[in-house]
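Working through the structure, step by step
The lines below spell out each chain.
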Amino acid sequence: MALTPWFLLLISLISTLPVDGYIVYMGDKPKPEVSTTTTSALHVNMLQNVIDDSNIAHESLLLHSYKRTFNGFAAKLTEEEAQKLAGMDGVVSVFPSETKKLQTTRSWDFIGFPEMVKRSAIETDTIVGLIDSGIWPESASFSDAGFGPPPKSKIIGARYYRSQPYPQNSSDILSPRDTDGHGTHTASTAAGNLVSKASLYGLGLGTARGGVPSARIAVYKVCWSDGCPDADILAAFDDAIADGVDILSISIGGFRPLDYFRNSIDIGAFHALRKGIFTSASAGNEGPNLKTITNFAPWYLAVAASTIDRHFDTKVQLGNHKIYEGIVTNTFELKGKFYPIVYAADVPDRAAGYNGQTSRLCRIGTLDKKLVEGKIVLCDGATGYGAIYAGAFGYVLTSRNAADVIDPVPVPAASVWFHVGNEIAHYLNSTRNPTATIWKSTEGVDALAPYVPSFSSRGPNPNTPNILKPDIASPGVSILAAWSPIAPVSGFEGDDRVTSYNIISGTSMACPHAAGVAAYVKSFHPNWSPAAILSALTTTAKPMSANLNPEAEFAYGAGLLNPSRAPYPGLVYDASEIDYVNFLCAQGYSTKLLKALTGDSYSCSSSQSSHGTLSDHLNYPSVALSTSNPKSVNGIFNRTVTNVGSPKSTYKAKVSAPPGLEIKVNPSVLKFTSLGQKLSFQVTVKGLIEKTIVSGSLVWDDGKFQVRSPIVVYFLF
């Protein structure tokens, strides 16, 4: 039979859809290149060819003319006119421009966790505790609507801690109320209600929501304008554990690696673990160098940041009409007005002893305020803070990296590639009165996502080389979530923009995503241990690409958080308190210390205290092997898995080994006859490595569940 052309099938459906015009897509830009004016004229001419009514001004029907990066247009058309255009030469497709449903606003969808995902009836009884900078309770993300007694509140508790004298001339409020914005942002990411039409001045428009929208929130404010004291962090852990929260999220970190029990977060999380409370902690923002992770204890989840497929483009336009793509989430709308632009190297504060070599980096105090005020400054440094404090109208950075992101700053700003910076500098040198403008950001698509941005801290674990950290990556770049309306959008005092939702980046944003998913898992499995939940999150993670992150698992751990699969891992690598005690024995901690730590009569045997393969003393869901001799790799790992999938199931081991290594699993088949049954196996890794880090994997597969563990071998440096 004759086949109906696809575009006719499409047009036949149009009458059933709400249509705001049609899009006529014509592929790439015309070749050879034509001017944008000519392209628009061609589009109008196409409309003239299908619209018979001579009384209509065809230009008025043209809604948009796509002409800068691809070819096409949107127009007000009848169904018949759309059908005519679909048959024209050069037209790829014609389709209705629907009024689409608005929908963080993007991160949860990107990792496969839609609004209508299956929910447990006891999600509303799950409590997520946030140790952070407080909360703005009036935010729509924390509405009590729908929360019937008992208890009626979304936020069921809020405390604050201030062990040090109150900072003078501070905007801090001595209460759990959030004056910074950070705590409100993380709380709404983990467990915020659904809020439609949320945005930052139109950017990121959609439905903001947390991982567990019906869960309860308990708030512990420990962070102030002068930091987050360890004493207060421990007090917050103490209260949170006593309050009986189910999940803890802490997006706080130190400046350097510390012994496990000289770190307030490690200590607090260890005690949370003993009470069955799962902790999610941010990996840190000190990347991209290796061994920069600051939260890495094995009894909590350490979360790296990943990108999502949305990014914000910010264009810089020069007085010579040239336009360059940049980044920086810029909310300022200059409406095409141009401002003088100067190069930072040409405006040093000579009276303070600076020259162009120092001022070009735009460090604070190095620029001459008289020469900078009211102008856009071209900076060679990583930030434009010096330009801000010198009174610049805005700035352009020339230090953009592929994996960089820059959150809102208090002035119009953009960051461009180094070679673009050279072109801008050339323009400045060749023009008597150079000018520029910076456009408000627009949303773009990051086709390479997910990958780990440069700021996210990397492993390996500085304390225990054979425990892989970070554990996992989750969305942490340009995340839209609730904000305190009295907090500066950019974090700079004097930034008087007011918003209820803000877009910021960091492992601080990744951490509550993982905490929300942990709460989601616990709502289905309330009796699972923290180790079982950690295992479920990591073994169901989506593998990520070392081509985008050469540091591989040291950047992203087991891979990208996968919420929809996490409650159904099939098998879990469980661990109890005694397993962690045995691990600490192997780490060299004394019986005396462990008795004091636990209050129990644990003792370390001589065999436990022998360091050997330290990860063999903990039933961890990943395998990491460090070696001081890359030509002679040899490691043995004993693991035990618990069946949480199908009562009767047979799992087969599927091993992926990098060149030079042989990985064997014994036994290679695990047969389960009941739920809760535990079976053990051994992994042997032998051979050599030719790179600093190589990656393999072990997948237990029964045809329904695939339980994946990364295997990482690296040269200990």
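If you're wondering where the values come from, they're calculated on a predicted model, not measured in any experiment. (Residues numbered from 1 in each chain as written. Predicted model: local features only at pLDDT ≥ 70, side-chain atom pairs only at ≥ 80, totals over all residues. Heavy atoms only, no water.)

**Focus: the UniProt feature "domain: Subtilisin-like protease fibronectin type-III" (unreviewed entry) in the protein**
Under the feature "domain: Subtilisin-like protease fibronectin type-III" (unreviewed entry), the UniProt entry names residues 618–713. The span residues 618–713 is 0% helical and 64% strand by assignment, and the distance between its end C-alpha atoms comes to 17 Å. (UniProt positions renumbered as here; feature names shortened; annotations may be inferred. Helix = DSSP H or I, 4+ residues; strand = E, 2+ residues; numbered from the N terminus.)

**Some thoughts on the state of the cysteines**
This structure, assessed with the given rule, holds three disulfides. Across a sulfur-sulfur distance of 2.0 Å, Cys-362 and Cys-379 are joined as a disulfide pair. An S-S torsion of about -75 degrees defines the bridge between Cys-362 and Cys-379 as left-handed. Highlighted residues: Cys-362 in the loop between helix H9 (356–359) and helix H10 (369–372) and Cys-379 in strand E16 (residues 376–379), separated in sequence by 17 residues. The disulfide bridge from Cys-585 ends at Cys-604, spanning 1.9 Å between sulfur atoms. On the sign convention where negative means left-handed, the S-S torsion of about -75 degrees between Cys-585 and Cys-604 marks this disulfide as left-handed. Residue Cys-585 is found in helix H16 (residues 577–586), and its partner Cys-604 is found in the loop between helix H17 (591–598) and helix H18 (606–609); the two are separated by 19 residues along the sequence. Like Cys-585, the residue Cys-604 is buried in the burial classification. (Disulfide = S-S within 2.5 Å. Buried < 20%, exposed > 50% of the residue type's maximum accessible area, 1.4 Å probe, protein only.)

**A few points about the packing of aromatic side chains**
This model, assessed by the stated rule, comprises 20 aromatic pairs. Note on Tyr-573 and Phe-681: the rings are 6.3 Å apart at their centroids and 75 degrees apart in plane angle, and the pair reads as edge-to-face. Taken together, the residues span a long stretch of sequence, with Tyr-573 in the loop between strand E24 (571–572) and H16 and Phe-681 in strand E30 (residues 678–687) at a distance of 108 residues. An identical accessibility class is assigned to Tyr-573 and Phe-681; each is buried. Chaining the aromatic ring pairs together yields one cluster made of Tyr-260, Phe-261, Phe-270, Phe-296, Trp-299, Tyr-580, Phe-583 and Tyr-589. (Phe/Tyr/Trp six-rings, centres within 6.5 Å; stacked < 30°, edge-to-face > 60°.)

**So, the sheet that holds strand E21 (residues 472–475)**
Ordered in space as E6-E9-E5-E10-E11-E12-E21, the seven strands form an open sheet in which the pairing is parallel. Since the sheet does not close on itself, it has two edges, and those belong to strand E6 (155–160) and E21, each with one partner. The mean inter-strand angle of the sheet, taken between neighbouring strand axes irrespective of direction, is 25 degrees. Two elements, strand E11 (residues 278–282) and strand E12 (residues 301–306), share three bridges in a ladder whose sense is parallel. Across the sheet, the residue bridging to Ser-282 is Val-303, located in E12. The sheet strands contacting helix H13 (residues 507–524) are strand E5 (127–132), strand E10 (247–250), E11, E12 and E21, and the helix crosses E12 at an angle near 125 degrees. Each of E11, E12 and E21 is contacted by helix H14 (residues 530–539), which is oriented at about 50 degrees to E11, the strand it contacts most. (Pairing = 2+ DSSP bridges. Axes fitted to C-alpha atoms, helices over the stretch in contact; angles between N-to-C directions. Contact = heavy atoms within 4.5 Å.)

**Digging into the pattern of salt bridges**
This model, assessed by the stated rule, comprises 15 salt bridges. A salt bridge links Lys-315 to Glu-325; its shortest N-O distance comes to 3.4 Å. Highlighted residues: Lys-315 in strand E13 (residues 310–318) and Glu-325 in strand E14 (residues 323–326), separated in sequence by ten residues. Note that Lys-654 and Asp-701 form a salt bridge whose closest N and O atoms lie 3.0 Å from each other. Here Lys-654, found in strand E27 (residues 649–656), pairs with Asp-701, found in strand E31 (residues 693–701); they are 47 residues apart in sequence, far enough to count as distant. Taking the relative accessible area as the measure of exposure, Asp-701 reaches 14% and is therefore buried. One salt-bridge network, held together by shared partners, links Arg-159, Asp-239 and Asp-243. (Salt bridge = Lys/Arg side-chain N within 4 Å of Asp/Glu carboxyl O.)

**Looking at the environment of Asp-226**
Assignment of secondary structure puts Asp-226 in the loop between strand E9 (216–221) and helix H7 (230–243). According to the relative accessible area criterion, Asp-226 is partly exposed, its value standing at 43%.

**Brief notes about the pairing of strand E15 (residues 339–343)**
Bridge analysis of E15 against strand E19 (residues 435–438) gives two bridges, and the strand direction is antiparallel. Among the inter-strand pairings, Tyr-339 is bridged to a residue of E19, identified as Ala-436. Strand direction decides the pairing type here: E15 and E16, joined by three bridges, are parallel. Counterpart to Ile-341 in the pairing with E16 is Ile-376.

**Observations concerning the domain arrangement of the protein**
On domain assignment, one finds that the protein holds domain 1 (21–97), domain 2 (120–308 + 453–554), domain 3 (310–443) and domain 4 (571–575 + 618–715). One C-alpha centre belongs to domain 2, the other to domain 4; they are set 30 Å apart. Carbon and sulfur atoms supply 62% of the area that domain 2 and domain 4 bury against each other, a total of about 1,800 Å² over both sides. Counting the contacts that link domain 2 with domain 4 gives zero salt bridges. Among the elements of the structure, H14 and helix H15 (553–556) are those that each provide at least two residues to the side of domain 2 that touches domain 4. With six residues, H14 is the largest single contributor of residues to the side of domain 2 that touches domain 4. Tallied by class, residues from the side of domain 2 that touches domain 4 come to 14 nonpolar, five polar and four charged. (Domains from an automatic or database assignment. Buried area = accessible area lost by both parts, 1.4 Å probe. Nonpolar A, V, L, I, M, F, W, Y, C, P; charged D, E, K, R; others polar.)

**Section: the confidence of the model for the protein**
When pLDDT is averaged across the protein, the result is 88; 90% of the residues are at 70 or more. Overall, residues 1–19 carries pLDDT values under 50, and its contacts beyond four positions in sequence, including any with other chains, amount to 23 contacts. Residue range residues 98–103 is modelled with pLDDT below 50. Its contacts to residues more than four positions away, or to other chains, number 14 contacts. (pLDDT = per-residue confidence, 0-100.)

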